[in-house]
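# Analysis of the macromolecular model
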Amino acid sequence: MEFKLEAHRIVSISLGKIYNSRVQRGGIKLHKNLLVSLVLRSARQVYLSDPCPGLYLAGPAGIPAPPPQQQPGEPAAGPPAGWGEPPPPVARASWPETEPQPERPSVSHAPRVGDEVPVTTVTGVGDVLQGREADATEAAWSRVERPRQAAAGEAEGPAGGWGVFPEGSLAARRPCGCPLGGEDPPGTPAATPRTACCCAPRPAEDEPPAPPAVCPRKRGAAGVGGGPAGCPAPGSTPLKKPRRNLEQPPSGGEDDDAEEMETGNVANLISIFGSSFSGLLRKSPGGGREEEEGEESGPEAAEPGQICCDKPVLRDMNPWSTAIVAF
Amino acid sequence: MAGAGGGGCPAGGNDFQWCFSQVKGAIDEDVAEADIISTVEFNYSGDLLATGDKGGRVVIFQREQENKSRPHSRGEYNVYSTFQSHEPEFDYLKSLEIEEKINKIRWLPQQNAAHFLLSTNDKTIKLWKISERDKRAEGYNLKDEDGRLRDPFRITALRVPILKPMDLMVEASPRRIFANAHTYHINSISVNSDHETYLSADDLRINLWHLEITDRSFNIVDIKPANMEELTEVITAAEFHPHQCNVFVYSSSKGTIRLCDMRSSALCDRHSKFFEEPEDPSSRSFFSEIISSISDVKFSHSGRYMMTRDYLSVKVWDLNMESRPVETHQVHEYLRSKLCSLYENDCIFDKFECCWNGSDSAIMTGSYNNFFRMFDRDTRRDVTLEASRESSKPRASLKPRKVCTGGKRKKDEISVDSLDFNKKILHTAWHPADNVIAVAATNNLYIFQDKIN
């Protein structure tokens, strides 16, 4: 259990470092980020491989279940298999998860309360996850967007990392757990289902241009800080909340809820960062993700070491870069 | 291990007695980030000592000629030249700021009256010529002493201009700029023993340049994977062999060193030798990979050995034996239990350098709390010394320091928890021939000398 807490803490710290590295002067340091991702990976392995029933709670009432039945090959699992056991491997072609994400099956069939929008949302995700290469980026993009917009809803935790945990309380704050449909780069195939939601204009709408383009540049003016102090991106601020919460030890009666939400968010975030550098886990090359053409098109422009912040380029970037940028 | 030298015994190896000589830099507690020294390098003769800082400036110190009236005191190093080598830049295409911090300085062997050095930031390498001017011409015909043109009709006689002495002026001018060859951050440059070429290394590639040609370079190592998500290691340092102009080594973040021979192929992706020490499974932790990342690699002057620095130790390798190092010296093993905290405060990413003395009998590297460590390879003795203003009286001997690792702390010992991790010595240099060392402590440069001779 202590290993798990330690691992959890290390994961939080690592994610914070990756996030801060975006706005450091001089651009993203490849070496340091690689080392951080190694630590993140080790901690994640410990974190996910140490089954601890207490942690995988049912969560607060009203967790809607994004039914992943759309996903091919996914068995219609019964009650969340993730409760206290290592989750069954998920057969999904496009997202190269070498280790299953516990929270995904765990919420797959919990009774849904209220919101059907998230269903739409998740349907969109499910569709996306059909495995089309072109959509792979979309999946990454949408995944990345959700934590941010979920956080933008002043969620205490990640609540709805994927838009799948919109608890009642969260729903009150945010009309739905939709991703930023409006923010999708043009031409996104999977954008349609997502935009067909009841979302009112979201605070996240302010975010689109800001985080990728502004932060690295703002860094120089803003000086050193825990975050992009000079960065006006609203997207950055909300994200700090879950991070702060992650680092606070759970306390009191809220324990279980907070813990569960943190788990969910952290695991979601892990899935973003953990799947990159997938070669570190696999011996054989050729990890799940197809390299986008855009990787080679702009000369080196889309490599993790050099993040180009133009939105059209973002669409072509690999999920690692996308994740970094979005965060 | 923490210092082995006793109280009154000679410190360091070979009965060295290190004494304070000079300190350069502001005394202010408030350190401007731009003043933080980022590289230190003696030239081939040791008469010149160059430092680069985070503000992109290079300061060169020159050793004064020995004073005949005091034959036992060594020449002091005084400022010889200061210039702005690199400026901050902005890459508009990628919306990235390029830091002006000088990552490395390497001197070229002197071939004429002028001195040449290479200095590099993250992206651009520059060749600087430092020349002296101590004469100026006077008695021009067409202009007067102020430089104003003289009226030709007023000139009634011709004279030959003569050279008159003037106050010494040291000029630094950029002679070559080697740009746009690196996508990632340059971490090393190394001048070849042929004195015509040099290499520059970034995280994923190493390029070979000719000193005269700036518009192209040859890529000799490329470890960038086709799919960046499969990236598992990066290049952390590279150096040419001191005598064999076809041989170079590069170290990686995985703790391995590859030796490459440029005669074997144009692209040296396949190494000729591969140096790696098997990991000790009992010491595995979350941070095992980080602490095994090599931060510096240096050939010995003889060319027979090379030294690598990782986070906790210094290792000496025999080029003829790839399976394991011939020596391993612990720099600050007491930090092994603190790795998590050091990860949190980013100290675990600090890149310490290491250096050989002129005879390859001793090695030196830095640590925290302004401590630096010296290891004598012959006597197997090591010592911990401190660069501090308190022990800055001229020719004052440095007292060996000791870190208390647990249990009762003896007098004069420092406990691990009291170490100041903001005071780190990352850059040190040893005079190529004499026992003179330069130690960079944040924004101050300390120069220590051996008391004997």
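For clarity, every value in this text was computed on a predicted model and none was experimentally measured.

## Considerations on the overall build of chain B
Each helix and strand counted, chain B has two helices and 32 strands in total. For chain B, with 453 residues in total, the buried portion stands at 54%. Long-range contacts, defined as pairs at least 24 residues apart, comprise 55% of the intrachain contacts of chain B with a sequence gap of at least 6. In the form shown here, chain B has an accessible surface area of approximately 20800 Å², with 49% of it arising from carbon and sulfur atoms.

## Looking at the pairing of strand β12 (residues 188-191) of chain B
All names here are of chain B. Of the two faces of β12, the one carrying S188 and S190 and the one carrying I189 and V191 are both buried. Pairing of β12 with strand β13 (residues 197-201), which is carried by four bridges, proceeds in the antiparallel orientation. The residue of β13 that forms the bridge with I189 is S200.

## Points about the sheet that holds strand β1 (residues 18-24) of chain B
In any sheet, the strands associate via hydrogen bonds between backbone groups, in a parallel or an antiparallel arrangement. Residues and elements named next belong to chain B. Read from one edge to the other, the open sheet built from four strands follows the order β1-β32-β31-β30, with strand pairing classed as antiparallel. Two strands lie at the open edges of the sheet, namely β1 and β30 (427-430), each paired on one side alone. Geometrically, the sheet is characterised by an average inter-axis angle of 20 degrees between neighbouring strands, direction not taken into account. In terms of strand pairing, strand β31 (residues 436-441) meets strand β32 (residues 444-450) through six bridges, oriented antiparallel. Paired with A441 across the two strands is N444, which belongs to β32.

## Observations concerning the sheet that holds strand β27 (residues 382-386) of chain B
Residue and element names in this part refer to chain B. One open sheet accounts for four strands, arranged β24-β25-β26-β27; its pairing is antiparallel. Strands with a single pairing partner mark the edges of an open sheet, and in this sheet they are β24 (354-356) and β27. Neighbour-to-neighbour, the strand axes of this sheet turn through a mean angle of 20 degrees, independent of strand direction.

## So, the side chain of H115(B)
The residue H115(B) is located in strand β9 (residues 115-120) in this model. If sequence neighbours within four positions are ignored, H115(B) has contacts with N43(B), L48(B), Y80(B), W107(B), Q110(B), W128(B), K129(B) and I130(B).

## Thoughts on helix α2 (residues 30-49) of chain A
One full turn of an α-helix is made of 3.6 residues, so residues set three or four places apart face in the same direction. Here α2(A) spans 28 Å end to end across 20 residues, near enough to the 28 Å set by a 1.5 Å rise per residue. The buried fraction of α2(A) amounts to 17 of the 20 residues, a majority that puts the element mostly inside the structure.

## Re the packing of aromatic side chains
Tallied over the full model, the rule gives 20 aromatic pairs over all chains. Aromatic pair F178(B) and Y198(B): ring centres 5.2 Å apart, planes at 75 degrees, arrangement edge-to-face. One end of the pair, F178(B), is in strand β11 (residues 162-178); the other, Y198(B), is in strand β13, and 20 residues separate them in sequence. Neither F178(B) nor Y198(B) differs from the other in exposure class; each is buried. Residues F240(B) and F248(B) carry aromatic rings whose centres are separated by 6.0 Å and whose planes lie at 75 degrees to one another, so their mutual orientation is edge-to-face. Judged by relative accessible area, F240(B) falls into the buried class, the value being 3%. Put simply, the rings of F20(B), F372(B), Y446(B) and F448(B) touch in pairs and so form one group of aromatic residues. The residue whose ring lies beneath K4(A) is Y47(A), and the NZ or CZ to ring-centre distance is 4.7 Å. Over the ring of Y343(B) we find K17(A); its NZ or CZ atom is 5.1 Å from the centre of that ring.

## A look at the environment of D202(B)
Residues and elements named next belong to chain B. Summarising the element assignment, D202 is placed in the loop between β13 and β14 (205-210). In this structure, the C-alpha to C-alpha distance between D202 and V234, residues 32 residues apart in sequence, is 8.5 Å. For D202, the residues in contact, after removing those within four places along its chain, are H182, T183, Y184, H185, I186, N187 and I235. Here the side chain of D202 touches H182 through a polar contact of 2.8 Å, side chain to side chain. At 2.8 Å, the side chain of D202 forms a polar contact with the backbone nitrogen of L204.

Analysis parameters
- Residues numbered from 1 in each chain as written.
- Chains lettered and ligands numbered in written order.
- Predicted model: local features only at pLDDT ≥ 70, side-chain atom pairs only at ≥ 80, totals over all residues.
- Heavy atoms only, no water.
- Helix = DSSP H or I, 4+ residues; strand = E, 2+ residues; numbered from the N terminus.
- Buried < 20%, exposed > 50% of the residue type's maximum accessible area, 1.4 Å probe, protein only.
- Contact = heavy atoms within 4.5 Å.
- Areas by Shrake-Rupley, 256 points an atom, 1.4 Å probe, with all protein chains shown as cover.
- Pairing = 2+ DSSP bridges.
- Axes fitted to C-alpha atoms, helices over the stretch in contact; angles between N-to-C directions.
- Expected span 1.5 Å × (residues − 1).
- Phe/Tyr/Trp six-rings, centres within 6.5 Å; stacked < 30°, edge-to-face > 60°.
- Lys NZ or Arg CZ within 6 Å of the ring centre and 35° of its normal.
- Polar contact = N/O pair within 3.5 Å; in protein donor to acceptor, adjacent residues only side chain to side chain.

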